[in-house]
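In case you want the letters, here they are:
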Amino acid sequence: MVGENWIENRKYTYRRELKWPVEAIDIHHVVVRRSSASRFFIYLCLVIGLSNAVFLVLSKHESVTILFWSFILSASLVKLFLWKPVKQESVIIMPALGVQLETHFLSGRTTRRFFPIGKILRPVLLECVTPLTCYWSLSLIVRDEGELMLVFKELRPPVKMLVPIWKALCATIDCKESPDADDA
């Protein structure tokens with residue numbers, strides 16, 4: 001942990017900004033960290049795939065079909081394991097207006113969702129358990145909606161990054177139960 005407004009781990013960086021005037025806008029960013037190891041893995045897969053292709057072409061067998069399927073399999077595995085199209089997700093809290101959720105993609109596209117402050121009943125931290133993993137998610141209970149609204153649809157930041165955002169949402173929405181610092 002670097003500071004109160006900055007938290008880092010291996011996958012994500014959490015950053016908090018307070019915008020002028022008089023801290024009226026509270027912005028929370030969760031940014032995906034890019035590592036050089038993943039780039040090295042991509043280049044290694046590329047070299048192995050190209051050497052495999054050269055070997056299959058230079059061999060005496062007619063193995064164009066094997067070459068074609070090996071390229072398709074290699075490309076799908078690299079995309080499955082390494083491709084994360086999201087650059088960052090942000091929560092913009094405007095106490096007078098509402099909460100805006102933004103997702104920034106690597107392609108440059110940005111999706112935004114806005115919830116007026118009067119429609120948000122409560123922010124909720126949930127522990128999600130699947131057969132393969134366990135993670136935390138931050139959701140909003142919104143009036144006239146049948147489902148919980150996930151704050152982070154694409155990313156799964158750790159709970160130590162979700163707690164400051166949850167506390168800021170609770171303070172903005174004036175929850176009846178004030179969040180304790182000892183909960184996390």
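Here the structure is a predicted model, which means the values were calculated and not measured.

Draft legend 1. Quick peek at the packing of aromatic side chains. For the coordinates displayed, the defined rule picks out zero aromatic pairs. The cationic tip of arginine 156 hangs over the ring face of tyrosine 135; the distance from NZ or CZ to the ring centre is 3.8 Å.

Draft legend 2. How the structure looks around the sheet that holds strand β6 (residues 110-116). One open sheet holds the six strands; their spatial order is β1-β2-β3-β4-β5-β6, and the pairing between them is antiparallel. Every other strand in the sheet has two partners, leaving β1 (6-8) and β6 as the edge strands with one partner each. Across the sheet, the mean angle separating the axes of adjacent strands is 15° when strand polarity is ignored. Examined bridge by bridge, strand β2 (residues 12-19) and strand β3 (residues 25-32) share eight bridges and lie antiparallel to one another. Across the sheet, the residue bridging to glutamate 17 is isoleucine 27, located in β3.

Draft legend 3. Broad picture of the pairing of strand β8 (residues 134-142). With nine bridges joining them, strand β7 (residues 120-129) and β8 adopt antiparallel strand pairing. Each bridged residue has a counterpart across the sheet, and for leucine 125 the counterpart in β8 is leucine 138. Between β7 and β8, which pair antiparallel one after the other, the connecting turn spans four residues. Of the pairings in the sheet, the one linking β8 to strand β9 (residues 149-150) comprises two bridges and is antiparallel in character. The residue bridging leucine 140 from the neighbouring strand is methionine 149, located in β9.

Each value, and the rule that gives it
- Every chain is numbered on its own, with residues counted from 1 as its sequence reads.
- Local features in this predicted model are restricted to residues whose pLDDT is 70 or higher, and side-chain atom pairs enter the listing and the counts only when it is 80 or higher, whereas totals over whole chains, interfaces and linings include all residues.
- For side-chain calculations, the full set of non-hydrogen atoms in the structure is used, while hydrogens and water are omitted.
- Only Phe, Tyr and Trp rings are paired, with Trp represented by its six-membered ring, and only when their centres lie within 6.5 Å; those with planes under 30 degrees apart are stacked, over 60 edge-to-face, the remainder tilted.
- The criterion is that NZ of a Lys, or CZ of an Arg, lies within 6 Å of the ring centre and within 35 degrees of the ring normal, and then a charge sits over that ring.
- If DSSP finds at least two bridges between two strands, the strands pair.
- The helix count covers DSSP runs of H or I at least four residues long, the strand count covers runs of E at least two residues long, and both are numbered beginning at the N terminus.
- Fitted lines through C-alpha atoms give the axes, limited to the stretch in contact for helices. The angle between two N-to-C directions lies from 0 to 180 degrees.

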